[in-house]
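Below are the chains, spelled out letter by letter.
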Amino acid sequence: LFKPCSCLCSPDDPDVGVARFVQRTLRFPPKEAMCHRLDFGTSGLVLVGTSQAAADALRRQRDERSWQKEYVALMHGFLPEGTERGLLSYRLRTEPKGRGFETTVDEREGEQALTR
């Protein structure tokens, strides 16, 4: 499912964004169907199971890291030579905030996240 920028992607509220589409189109509870999220300001594909078995299989593959998300960023200006690629490695913690979530760096209790 393609999620446009500025569209909420939280399975917790079936009345807005991607969850509303899943609820109305697939007639399948968003919390059970949605296999991951994308940030509010990010557009891209969201994997959604069309049955409980499909959603469970996608989540299992996600947890086993059989697939991964890849981002392309649009920027203005220039990067210094030799910095076009890199690896970000942080421990992140995600908590509910308003109708969505907020992710922060938490070196003690965060979950390891790698971004290439």
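What you see is a predicted model, and the numbers here were worked out from it, not measured in a lab.

Student: So what exactly am I meant to see when it comes to unusual backbone geometry here?
Tutor: Leaving glycine aside, a negative phi is the common case for residues, and trans is the common case for peptide bonds. Of note in the backbone geometry, Arg27 takes a positive phi value of approximately 55° without being a glycine. As for its placement among the helices and strands, Arg27 is situated in the loop between helix H1 (17–26) and helix H2 (30–33). Taking relative accessible area as the criterion, Arg27 reaches 70% and is therefore assigned exposed. Positive phi is not limited to glycine here, since Arg65 has a value of about 60°. Mapped onto the elements of the fold, Arg65 is located in the loop between helix H3 (52–63) and strand S3 (88–97). Among the residues examined, Arg65 registers a relative accessible area of 67% and is labelled exposed.

Student: Looking at this structure, I do not really get the pattern of salt bridges. What am I missing?
Tutor: Side chains that differ in sign of charge can pair as their charged atoms come close. Tallying each qualifying case throughout the model produces six salt bridges. Two residues, Asp56 and Arg59, come together in a salt bridge whose shortest N-O distance is 3.5 Å. With Asp56 and Arg59 both in helix H3 and three residues apart, the pair spans about one turn of that helix. Classification of Arg59 as buried rests on a relative accessible area of 17%.

Student: Mind showing me how you'd approach the nonpolar core here?
Tutor: Considering soluble globular proteins, one finds that nonpolar side chains tend to be buried as a cluster. Ranked by size, the top nonpolar core spans 11 residues in total: Cys7, Cys9, Val18, Ala19, Val22, Phe28, Ala33, Met34, Leu38, Val46 and Val48. With three residues, H1 is the single largest residue contributor to this core. Ala33 has contacts with Val22, Phe28, Leu47, Val48, Gly49, Ala55 and Arg59, leaving out every residue within four places of it along the chain.

Student: What am I meant to see in the layout of surface pockets here?
Tutor: Where empty space is left becomes clear once a probe the size of a water molecule has been rolled over the atoms. Estimated volume of the largest pocket: approximately 2300 Å³. If you trace the largest pocket, you find 46 residues lining it, with Lys69, Tyr71, Ala113, Leu114 and Thr115 closest to the centre. Those elements that provide at least two residues to the lining of the largest pocket are H3, S3, strand S4 (100–105) and strand S5 (111–115). Tallied by class, the residues present in the lining of the largest pocket amount to 20 nonpolar, 11 polar and 15 charged. In this structure, the second largest pocket spans a volume of roughly 230 Å³. Taken together, 14 residues make up the lining of the second largest pocket; nearest its centre are Leu38, Gly44, Leu45, Lys69 and Glu70. Residue classes in the lining of the second largest pocket are distributed as seven nonpolar, five polar and two charged.

Student: What is the right way to read H1 from this model?
Tutor: Side chains three or four residues apart in an α-helix point the same way, a direct result of the helix having 3.6 residues per turn. For H1, the full list of buried residues reads Val18, Ala19 and Val22. Down the axis of H1, the buried side of the element spans an arc of 100°, and every buried residue falls inside it. The secondary structure elements touched by the buried residues of H1 are strand S1 (2–3) and H2. Among the residues trailing H1, Arg27 stands out with phi positive, at a value near 55°.

Rules and cut-offs
- Residues numbered from 1 in each chain as written.
- Predicted model: local features only at pLDDT ≥ 70, side-chain atom pairs only at ≥ 80, totals over all residues.
- Heavy atoms only, no water.
- Helix = DSSP H or I, 4+ residues; strand = E, 2+ residues; numbered from the N terminus.
- Buried < 20%, exposed > 50% of the residue type's maximum accessible area, 1.4 Å probe, protein only.
- Salt bridge = Lys/Arg side-chain N within 4 Å of Asp/Glu carboxyl O.
- Core = buried A, V, L, I, M, F, W, Y, C linked by side-chain atoms within 4.5 Å.
- Contact = heavy atoms within 4.5 Å.
- 1 Å grid on protein atoms, 1.4 Å probe; cavity = no way out; pocket = protein on both sides within 12 Å on 5 of 7 lines; lining within 4 Å.
- Points joined across faces, edges and corners; volume = space filled by probe spheres on them.
- Nonpolar A, V, L, I, M, F, W, Y, C, P; charged D, E, K, R; others polar.
- Arc of directions from axis to C-beta.

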